[in-house]
Amino acid sequence: QVQLLESGGGLVQPGGSLRLSCAASGFTFSSYAMSWVRQAPGKGPEWVSAINTGGGSTYYADSVKGRFTIARDNAKNTLYLQMNSLKPEDTALYYCNFRKIGSLNIVYEYWGQGTRVTVSS
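Numbering of residues starts from 1 in every chain and runs along the sequence as written. At least 70 in pLDDT is required for a residue's local features to be given in this predicted model, at least 80 for side-chain atom pairs to be given and counted, and no such filter applies to totals for whole chains, interfaces and linings, which use all residues. The basis for every side-chain value is the complete set of non-hydrogen atoms in the structure, without hydrogens or water.

1. Observations regarding the pattern of salt bridges
Each reported salt bridge corresponds to a side-chain nitrogen of Lys or Arg within 4 Å of a carboxyl oxygen of Asp or Glu. Scanning the model with the defined rule gives five salt bridges in all. Between D90 and R67 there is a salt bridge, and its shortest N-O distance comes to 2.7 Å. A residue pair is termed long-range when its members are at least 10 positions apart, and D90 in the loop between β8 (78-83) and β9 (92-101) and R67 in the loop between β6 (58-60) and β7 (68-73) qualify at 23 residues. For the pair D90 and R67, a shared accessibility class is recorded, and that class is buried. With a closest N to O distance of 3.2 Å, R99 and E109 form a salt bridge. Separated by ten residues along the polypeptide, R99 in strand β9 and E109 in strand β10 (residues 107-111) bring together distant segments of the chain. Of the residues examined, R99 reaches a relative accessible area of 55% and is grouped as exposed. Each of the salt bridges in this network shares a partner with another, and the network as a whole consists of R38, E46, R67 and D90. Comment: elements are numbered from the N terminus, with helices defined as DSSP H or I runs of at least four residues and strands as E runs of at least two. We call a residue buried when its accessible area falls under 20% of the maximum for its residue type, exposed when it is over 50%, and partly exposed in between, using a 1.4 Å probe and counting protein chains only.

And the structure:
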């Protein structure tokens, strides 16, 4: 059974930092690219960042580029998101996510329960 368990969210002042973690189980973590997606109150989901299977290639939304860093530890089956210079507009529920293509090219998408980040003074 696939499980993605995010942690590390909280309340932080503007300019502060947080490190999110996503503990994965129930699948071969090292075989899948992983992403972080966030959803701010009253808004739709926004893709934040992605990382390839080996961790050597990373991708960021323009809104977080230069402030956030995605990483993974395949030995620990864990995905990370280091968030620096946080802004009020980073306030959101943050999810880790991956997609698996099954038979007949059906795409399965998996999500954790999310961890809440609030940036406020």
